[in-house]
Each structure stands twice: as structure tokens, then as C-alpha cells.
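# Observations on the model geometry
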Amino acid sequence: MLVDRFGVSPVTVSRALAGLAAEGLVVTRPGAGTFRAAAREPSGPAADTSWQQVALTAEDPDAAPRVVDAAPVMACLAPAPDGVIAFHSGYLHPSLRPEQALGGALARAARRPGAWDRPPVEGLAALRSWFARETGVGPAQVLVTAGGQAALATALHALAPPGGAVLVESPTYPGALAAARAAGLRPVPVPVDGEGVRPDLLADAFAASGARAFLCQPLFHNPTAVVLSDARRRQVREIAHAAGAFVIEDDFARRLGHGGPLPPPMVADDPYGAVVHVASLTKPTSPSLRIGALVARGPVLERLRAIQVVDSFFVPRPLQEATLELVGAPAWPRHLRAVAAGLRERRDAMVAALRERLPALAPAAVPQGGYHLWLPLPDGTDETALTAAVLRRGLAVAAGRPYFPAEAPAPFVRVTFADTSGAEEVTEGVRRLAAALADCR
């Protein structure tokens with residue numbers, strides 16, 4: 001009846017009824033049909049939760065303050081409203097995602113023998129072996145995680161003592177800063193330039209702060225898209241080793257190159273066991289494929305494993321099985337080539353449009369991977385006013401201030417091109433950005 005009345009498919013009706021049942025609005029009785037559920041009134045008086053303001057803020061004066069600020073992360077995760085071009089998003093546009101391959105992989109994984117059994121806490125052996133081959137290490141050095149953000153949080157808890165300092169690139173990914181502060185850590189900025197983090201300032205920061213960890217993104221750094229030079233890769237490892245500290249290598253963009261050779265992960269060339277490597281498959285696939293890995297050598301791997309087990313037990317086996325189906329299929333390398341071509345097309349369109357409309361903001365060096373550009377704004381530009389102005393014109397961008405762990409040296413915006421439909425939409429987005437900048441002058 002519903003199919004004929006509303007002109008929809010039986011699948012649509014089934015999903016709608018399942019949603020209503022989950023909300024308690026209808027009940028399904030096998031053999032009888034689906035019926036409206038009896039109304040339920042809220043029970044009990046409204047709770048007075050004002051006491052929680054004291055409980056959540058009263059702390060031991062000798063303990064490190066816990067600051068859980070998800071606002072910068074939520075700004076990146078928030079979907080763009082209808083009609084707004086998403087220059088703020090760090091995920092692939094649906095046209096670039098392997099959605100058909102993911103659906104097939106999930107269906108095949110669900111039929112695998114033992115797919116719903118409990119997996120090893122370290123992850124499935126075959127998936128650990130795949131990450132090991134991709135990273136240049138042995139399978140025993142791999143721990144499967146629920147995505148890159150979870151891996152970062154685990155690494156920060158494992159490597160830095162509560163109340164201590166953790167060195168970070170400046171600017172850097174706001175999600176890393178939020179994770180560090182939520183762990184009770186104090187992010188200490190180390191500036192980057194066109195070759196990556198500055199080794200002289202890194203050594204000074206270790207000496208001044210006593211930090212035992214440095215968090216960096218050596219490949220297509222977020223937000224600058226810089227690649228850490230070969231000479232500095234060696235220097236960073238040596239400096240960290242001399243300080244008795246770890247390097248957390250966030251390799252989020254490994255599969256987002258635009259074509260051409262890439263340097264190996266830092267962990268593959270690490271003679272000291274100082275590098276803890278974070279890998280993720282979320283960026284080149286889908287926001288919902290929360291699969292990543294931690295790679296480490298020595299006793300630190302056991303600490304990482306223990307923290308993950310305590311926090312979340314293990315990564316669900318069906319998701320691991322589906323990931324194996326995906327990366328083991330002939331379509332996987334084709335997908336990565338398609339992502340490289342799609343990102344390259346969008347990058348070229350963005351750079352060309354900036355050079356035409358906003359030449360003062362156009363990057364001097366075109367990134368060879370990643371999905372973003374870091375644009376310096378004219379002196380005196382109010383980032384907050386600009387982001388509001390571009391949103392009114394139908395464009396979402398990320399203000400630069402949240403990327404700095406301390407005071408920002410200048411105004412910036414980060415613009416991304418991954419979550420766009422193609423070159424035409426990218427060009428239109430730059431036109432809207434130029435118009436908004438003109439409004440703010």
C-alpha cells in the first residue's frame with residue numbers, strides 16, 4: 001500500500017519503517033503487520049544539572065587542566081549547507097570515493113567465515129601484514145586502530161606524561177591540538193618553513209620544554225602541504241633520539257599524492273625505534289571507513305596496545321574484513337589512480353583561479369599531493385569576518401587561527417579542493433572568495 005501510495009520502492013518503505021521502529025514510534029509484529037506504538041510520556045522530574053558545572057571544572061591545582069574543545073574539529077566535520085561550496089572539508093567528494101567497491105567489500109566481508117567473531121586485539125594478521133608491506137616494517141610492529149584520529153590519541157596518551165609538553169609543528173592540524181589538550185598535555189609550537197619543521201628550533205624546543213614527543217606530518221603537511229626534506233628527516237630523527245624522545249609521524253596523506261614518487265615513511269628508515277607511525281585509510285576512501293594503524297618498534301608498542309585495549313578493546317572485525325576485501329581487490333590500485341587524477345585536476349583549477357583572481361594569495365610552490373592550500377591573507381585581515389563573509393556568498397573555508405597552538409604570526413585561511421565536484425566548482429569557489437575579500441577591504 002505504501003509503495004503505491006507514495007510511489008517509492010519497497011526498500012525505501014522498509015528503511016523508513018525500520019527507522020520509525022528504532023525511534024519507538026511503531027512496533028512490528030511478525031505475521032500481523034506494523035502498528036503505531038503507544039505514546040510514552042517522559043517519566044520523572046526534569047533533572048537539575050547545575051552541579052555539573054562545578055564537578056567538571058574543579059580540579060587539583062597541581063594537576064594539568066583538561067581542555068576538551070571539539071569546536072575546531074567540528075568545524076571541519078560539519079557538512080556544508082545546500083548551495084555552499086565545501087572548501088573546508090578534508091574528505092573526498094562522493095564522486096571520488098570508491099562507494100561501489102566499499103559496498104561490495106562489506107557484503108563479501110559479512111559472508112566470510114568467522115566474520116563476526118572476536119578479532120585479535122592487535123588486528124587481523126592479514127591486515128597487519130598489509131599495513132606492514134605498505135610501511136616497510138614487519139607485521140609484528142603493526143597495531144590496527146579505529147582510524148587516524150584514534151591512533152593519534154592513543155600515541156599521545158602513551159608517549160607524553162599528563163601535564164607534560166608535546167612538541168607540535170606550527171601551524172598544525174587542529175584535531176591533533178585538541179587531542180593533546182584533552183590528554184592534559186601542553187602543545188609547544190615549533191615553526192615550519194618551505195622544507196618542513198625547522199631543526200634548529202626543534203632542538204631548542206626539546207631542551208627548553210623537556211618534551212618526550214614531537215608530533216609531525218612529514219608528507220603533505222596539514223595545512224601548508226609542505227613535504228619534509230630528506231636532510232631534515234634525518235635531522236629530526238637525530239634530534240629526537242638525542243633528547244630521548246619519540247617522533248609521532250602522522251602519515252595521513254600517504255595515498256593522496258597527485259602522481260610521482262613519494263619518500264618512504266620516516267619509520268621505515270628509523271635506526272633507533274624513535275618513530276611511532278600513524279597510518280589511515282579514511283582519507284582516500286570514505287569518512288566512515290575508520291581503519292588505521294600504529295607502527296612502532298620496541299616496548300612502546302606494548303604500551304600503545306595496552307592503552308588501545310583499555311580504551312576500546314579492539315577494532316570491529318567486520319570492518320577489518322571489509323578493508324581487506326577492498327585493498328586486496330583489483331579495483332584498489334585503479335581507485336588510487338583515479339583519486340590522484342581527480343585531486344590533480346582540482347588542484348590545478350584552484351591554483352589557476354587564484355593566479356587569475358587573487359595573485360597575491362596564490363602559492364609559489366604547487367603541492368604534489370594532499371587536498372589543500374594554505375593562503376596568507378593581506379595584513380590586518382580579520383579571519384572571522386572573512387569566513388563569515390565567504391559563507392554568506394556560498395563558500396565554506398577554514399580560518400587559520402585554530403591551526404596555531406599559540407599566537408598566530410599572521411592571518412591565513414586553509415582552502416581545500418577534495419570535496420568538490422570538479423574544476424568548475426573549484427573555479428566558482430575562488431570567484432566567491434575573491435568577492436568576499438573585496439567586501440572585507
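For the structure itself, look to the data block above.
Residues numbered from 1 in each chain as written. Predicted model: local features only at pLDDT ≥ 70, side-chain atom pairs only at ≥ 80, totals over all residues. Heavy atoms only, no water.

### Considerations on the pattern of salt bridges
What counts here: What counts as a salt bridge is simple: a side-chain nitrogen of Lys or Arg found within 4 Å of a carboxyl oxygen of Asp or Glu. A run of DSSP states H or I qualifies as a helix once it reaches four residues; a run of E qualifies as a strand once it reaches two. Both are numbered from the N-terminal end. Between buried and exposed lies partly exposed: a residue is buried under 20% and exposed over 50% of the maximum accessible area for its type, with that area taken using a 1.4 Å probe on protein chains only.
A full pass over the atoms with the stated rule returns 17 salt bridges. With a closest N to O distance of 2.9 Å, R108 and E325 form a salt bridge. You can see R108 sitting in helix α5 (residues 99–110) and its partner E325 sitting in helix α12 (residues 317–327), a full 217 residues away along the chain. By relative accessible area, which is 17% here, E325 ends up buried. Residues joined by salt bridges that share partners form a network here, namely R108, R112, R317, E321 and E325.

### Quick look at the pairing of strand β15 (residues 412–416)
Operational definition: DSSP-based pairing: two strands are paired if at least 2 bridges between them are found.
Of all the five residues making up β15, five are buried; the element is thus mostly covered by neighbouring parts of the structure. In terms of strand pairing, strand β14 (residues 398–399) meets β15 through two bridges, oriented antiparallel. Note that in β15 the partner of A398 across the bridge is R414.

### Quick notes on the side chain of N222
The criterion, for reference: Residue contacts are counted whenever heavy atoms from the two residues lie within 4.5 Å of one another.
Position of N222 relative to the elements: it lies in the loop between β8 (213–216) and α10 (230–242). The exposure class of N222 is buried, given its relative accessible area of 4%. For N222, the contacting residues outside a window of four places in its chain are T172, Y173, Q217, F252, Y371, H372, Y403 and R414.

### Remarks on helix α11 (residues 300–312)
As a reminder of what qualifies: The span one expects for a helix is its residue count, reduced by one, times 1.5 Å. By arc we mean the arc of the directions from the helix axis to the C-beta atoms, nothing more.
Taking 1.5 Å per residue as the helical rise, α11 with its 13 residues ought to reach 18 Å, and the 18 Å between its terminal C-alpha atoms agrees with that figure. Along α11, the residues classified as buried are V300, L301, L304, I307 and Q308. What you see down the axis of α11 is that its buried residues fit within an arc of 130°, all on one side. In α11, the exposed residues that point more than 90 degrees away from the buried face are R303 and V310. Residues of α11 that are buried sit in contact with β4 (142–145), α7 (148–159), β9 (246–250), β10 (275–280) and β11 (292–295). Once α11 finishes, F313 follows within two positions and takes phi at roughly 70°, a positive value.

### Examining the packing of aromatic side chains
The line we're drawing: Ring pairs are drawn from Phe, Tyr and Trp, using the six-membered ring of Trp, whenever the two centres fall within 6.5 Å, and their geometry is named by plane angle: stacked under 30 degrees, edge-to-face over 60, tilted for the rest. Two conditions define a charge sitting above a ring: the NZ of Lys or the CZ of Arg must be within 6 Å of the ring centre, and it must be within 35 degrees of the ring normal.
Inspection of the entire model under this criterion finds seven aromatic pairs. Through a chain of ring-to-ring contacts, three or more aromatic side chains come together here, namely W374, Y403, F404 and F412. One cation-aromatic arrangement involves K283 over Y91; the distance from NZ or CZ to the ring centre is 4.4 Å.

### Remarks on the nonpolar core
Applicable threshold: Working definition of a nonpolar core: buried Ala, Val, Leu, Ile, Met, Phe, Trp, Tyr and Cys residues. They are joined through side-chain atoms within 4.5 Å.
F131, L167, F206 and F214 are the most contacted members of the largest nonpolar core, which has 42 residues in total. In terms of residue count, the dominant contributor to this core is helix α6 (residues 125–135) (four residues). Among all residues touching L167, those that are not within four sequence positions of it are V188, V190, L202, A205, F206, S209, A211, A213, F214 and L215. Listed in part, the 38 residues of the second largest apolar core include V339, A349, L358 and L377.

### Focus: the sheet that holds strand β12 (residues 372–376)
Convention followed: A fitted line through C-alpha atoms represents every axis, and for helices the fit uses only the stretch in contact; the resulting angles, taken between N-to-C directions, go from 0 to 180 degrees.
Strand order across the open sheet formed by three strands is β12-β15-β14, with antiparallel pairing between neighbours. A single partner strand is all that each edge strand has here, and the edge strands are β12 and β14. In the sheet, β12 pairs with β15 via five bridges, with the strands oriented antiparallel. Paired with L375 across the bridge in β15 is V413. Each of β12 and β15 is contacted by helix α13 (residues 331–357), which is oriented at about 20° to β12, the strand it contacts most.

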